[in-house]
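# Structural overview for review
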Amino acid sequence: MLLLTIVGALSAGVLIHSGTAGSDAAALLWTPLLVLLVPIAAFGLGVLGHPSDALDARRIAVHGRGPARAASTTLALGFVQLTSAIALVPYGALGLALQQRLDPGVAWLLAAVGWAGCVLAHRLGARAGRAVSARRTTREVGALFWYAVSVLGATVAFALLFLPWQEVADEAAQLIARGLDWVPGASLALAGSVGDLGTIVGVNVAVVLLAAVLEWLLSRRDAQRAMYVRGSGGRVNLGIFASAPGSATWSIAARTWLAWLRDGRYRLTLITIAILPPLLVIPLWIAGVGAAELVLLPVPIFALLFGWALHNDIAYDSTALWLHVTGGLPGRADRLGRAIPTLITGVVLILAGSALVLWVTDDALRAVLVASVSLALLGTGVGGSSIMSAVSPYPVARPGESPWSQPVSTWGGSFAVHGISLLVELAICAPAIWLSVLALLSDDWSDALLAVGVALGTGVLACVAGILIGGQVFTARRTHLLNRATLID
């Protein structure tokens, strides 16, 4: 509730101060985005506050009202909640601002449509929160949210610090504003200025009506289901494991992905990897390195750290190690199963980051070289970590403990060995990095293709060799690893 109040008050202040989305870039871009933030905050408030939400059609249906009537009642009562009253503040300010350039009737109609959309966003948010809680996936969804925030936050921070975003915004403001015509909520701030009034009205009214119908249909379905009691029939719900192919390797991969979402130790590691690349380039920026060169660094740094993060995975997953050893699991299956999530996720993020480099620099050669070097670093990191996690695991915080409670014994020989292994992985990728630098300097596609071939070959060979060698080491050191697991746990 406090979040919506703050966002609403801030939006109202900006709208009253600006009065209109004029022709300057700040008004054309930031004011619509701020208006869009209000329904987003309302949706988030609904997700977080769903336990205290009394407007549940299931509660009304069991007291003698039919499903359709219960759905209509909850939909109508949603517009007289305290949240709806708070939402009147920013949309009242929007109506006053729109009056300066539109007919008062049209201005207040648009403000009312925006307010109704905000109320419905809150109702749908509460419904989404109940659905997440019912499936007991609150931790997983929360982890995905914070991963997305960390990745997007790091990207935005890097763009604001090192890229000429102000110049780009000034040049593209009119074009972006025309595109915002089709964005529900944000387009309301452009009505009567650069936006097409008919498009803005049509899009916002259509979205609000669709949201109202969706909320009513879902409420009616919930009310109907509340009238019946259904058992599971003795079935076992395997969750994400039901979607995994029937092999030990993919079962381990599924468990690893699930651990990323549930285990706070993994979350801390992954969020750190997401925010480190922009932070590591700040000293170079202070030293005077140009923005054109700094843009090329975050994706390879991320790839190196993401691949290297596997170097102590046995310690994090030590409880499952007993099952792997006593069940006679082949070492290569253990190594490959732990590597698959890092490889798939890393490749997707590297390609996305390289596409961002292409969009920023408008230079395909640079984007291709960034992608190839990053894939080489990822593959080499995964291969090296597959060996080192079986050679020298070191103690970490136990499952369920705070990820900050690192054992003192961590700072020993094992930690130094893993640091040296990171340097070795960089040395393996040095030829690919050097050829990529030469291709950048020559700006020649023939040199670039050679660098790409060497980089991809290095990454693939290092990854395959590391998994195979790591599997042999795992098999040969089963007893020692079990002893280490006893010390870790």
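Up top is the structure these notes are about.
The following paragraphs examine the structure supplied in this document. In every chain, residue numbers begin from 1 and rise along the written sequence. Restriction of local features to residues with pLDDT of at least 70 applies here, the model being predicted, together with a cutoff of 80 or more for giving and counting side-chain atom pairs; totals for whole chains, interfaces and linings are based on all residues. Side-chain figures throughout are based on the complete set of non-hydrogen atoms in the structure, without hydrogens or water.

## With respect to helix α5 (residues 82–98)
It helps to recall that an α-helix has 3.6 residues per turn; residues three or four apart then point in one direction. The criterion, for reference: Runs of H or I in DSSP of at least four residues are treated as helices and runs of E of at least two as strands, each being numbered from the N terminus. The span expected for a helix works out to 1.5 Å for each residue beyond the first. When a residue's accessible area, from a 1.4 Å probe over protein chains only, is under 20% of the maximum for its type it is buried; when over 50% it is exposed; and in between it is partly exposed.
When the terminal C-alpha atoms of α5 are compared, their 25 Å separation across 17 residues agrees well with the 24 Å that a helix rising 1.5 Å per residue should span. With 12 of 17 residues buried, α5 lies mostly within the body of the structure. Within α5, burial applies to T83, S84, I86, A87, P90, Y91, G92, A93, L94, G95, A97 and L98.

## With respect to the nonpolar core
Across soluble globular proteins, nonpolar side chains have a tendency to be buried as a group. The condition that has to hold: Definition used in this section: a nonpolar core is a set of buried Ala, Val, Leu, Ile, Met, Phe, Trp, Tyr and Cys residues joined via side-chain atoms within 4.5 Å. Whether two residues touch is decided by their heavy atoms; if any such pair falls within 4.5 Å, the residues are in contact.
Among the nonpolar cores identified, the biggest contains 31 residues, and F306, V357, L377, L378 and V382 are the most heavily contacted of them. When residues of this core are traced back to their parent elements, those giving at least two are α10 (248–262), α11 (264–286), α13 (298–308), α16 (331–361), α17 (364–391), α18 (413–442) and α19 (445–476). Per-element tally for this core: the top contributor is α13, with 7 residues. The residues contacting F306, other than those within four sequence positions of it, are W260, L270, I273, T342, T345, G346 and L378.

## A look at the pattern of salt bridges
Selection criterion: The salt bridge criterion pairs a side-chain nitrogen of Lys or Arg with a carboxyl oxygen of Asp or Glu, the two atoms within 4 Å.
Summed over the entire model, instances satisfying the criterion amount to 2 salt bridges. A salt bridge links E215 to R127; its shortest N-O distance comes to 3.2 Å. Highlighted residues: E215 in helix α9 (residues 197–226) and R127 in helix α6 (residues 104–134), separated in sequence by 88 residues. Here E215 falls in the buried class, since its relative accessible area comes to 2%. R127 gets classed as buried once you look at its relative accessible area, which sits at 10%. In this structure, the salt-bridge partner of R366 is D363, at a minimum N-O distance of 3.8 Å. Note on R366: relative accessible area 24%, which makes it partly exposed.

## Describing the environment of T479
By secondary structure assignment, the location of T479 is in helix α20 (residues 478–488). For T479, a relative accessible area of 58% gives the class exposed. Along the sequence, T479 and V325 sit 154 residues apart, while their C-alpha atoms lie 8.4 Å from each other.

## Regarding the environment of L329
Tracing the sequence through the fold places L329 in the loop between α15 (318–326) and α16. According to the relative accessible area criterion, L329 is buried, its value standing at 11%. As a C-alpha pair, L329 and T249 span 80 residues in sequence and 9.4 Å in three-dimensional space.

## Some points on the packing of α13 against α17
Rules: Orientation is described by lines fitted to C-alpha atoms, with helices fitted over the stretch in contact, and by angles between N-to-C directions that extend from 0 to 180 degrees. Geometric relationships in this document are graded by angle, where less than 35 degrees denotes roughly parallel, more than 145 denotes roughly antiparallel, 65 to 115 denotes roughly perpendicular, and other angles denote oblique. Rotating anticlockwise by less than a right angle from the far helix to the near helix defines a left-handed crossing, while the corresponding clockwise rotation defines a right-handed one.
At their nearest, the axes of α13 and α17 sit 7 Å apart, and the two run at 15° to each other. Looking at the two axes, α13 sits roughly parallel to α17. By crossing handedness, the relation of α13 to α17 is classed as right-handed. Residue-level contacts link V299, P300, A303, L304, F306, G307 and W308 of α13 to V370, V373, S374, L377, L378, G381, V382 and S385 of α17.

## Here we look at a nonpolar patch on the surface
The cut-off we apply is this: Patch members must show over 30% relative accessible area and no salt bridge, and they are joined within 9 Å when carrying like charges or within 5 Å when they are nonpolar side chains of Val, Leu, Ile, Met, Phe, Trp or Tyr. Throughout, the Shrake-Rupley method with a 1.4 Å probe supplies accessible areas, and for residues the shown protein chains are the sole cover considered.
Judged by side-chain polarity, W434, V437, L438 and L441 come together as a nonpolar surface patch covering roughly 430 Å² of accessible area. Inspection of the secondary structure assignment puts L441 in helix α18.

## Let's talk about the packing of aromatic side chains
For clarity, the cut-off: Aromatic pairing here means that ring centres of Phe, Tyr or Trp (its six-membered ring) are within 6.5 Å. Orientation follows from the plane angle: under 30 degrees is stacked, over 60 is edge-to-face, and everything else is tilted.
In this structure the tally under the stated criterion is 2 aromatic pairs. Considering the side-chain rings of F79 and W115, the 5.7 Å spacing of their centres and the 55° angle between planes classify their relative orientation as tilted. Here the residue F79 occupies a position in the loop between α4 (67–77) and α5, and W115 occupies one in helix α6, the gap between them amounting to 36 residues. Judged by relative accessible area, which is 18%, W115 ranks as buried. Aromatic side chains F302 and F306 sit 5.2 Å apart centroid to centroid with 15° between the ring planes, which places their arrangement in the stacked category. A residue pair is termed a helical-turn pair when its members lie 3 or 4 positions apart in one helix, as F302 and F306 do in helix α13 at 4 residues. One exposure class covers both F302 and F306, and it is buried.

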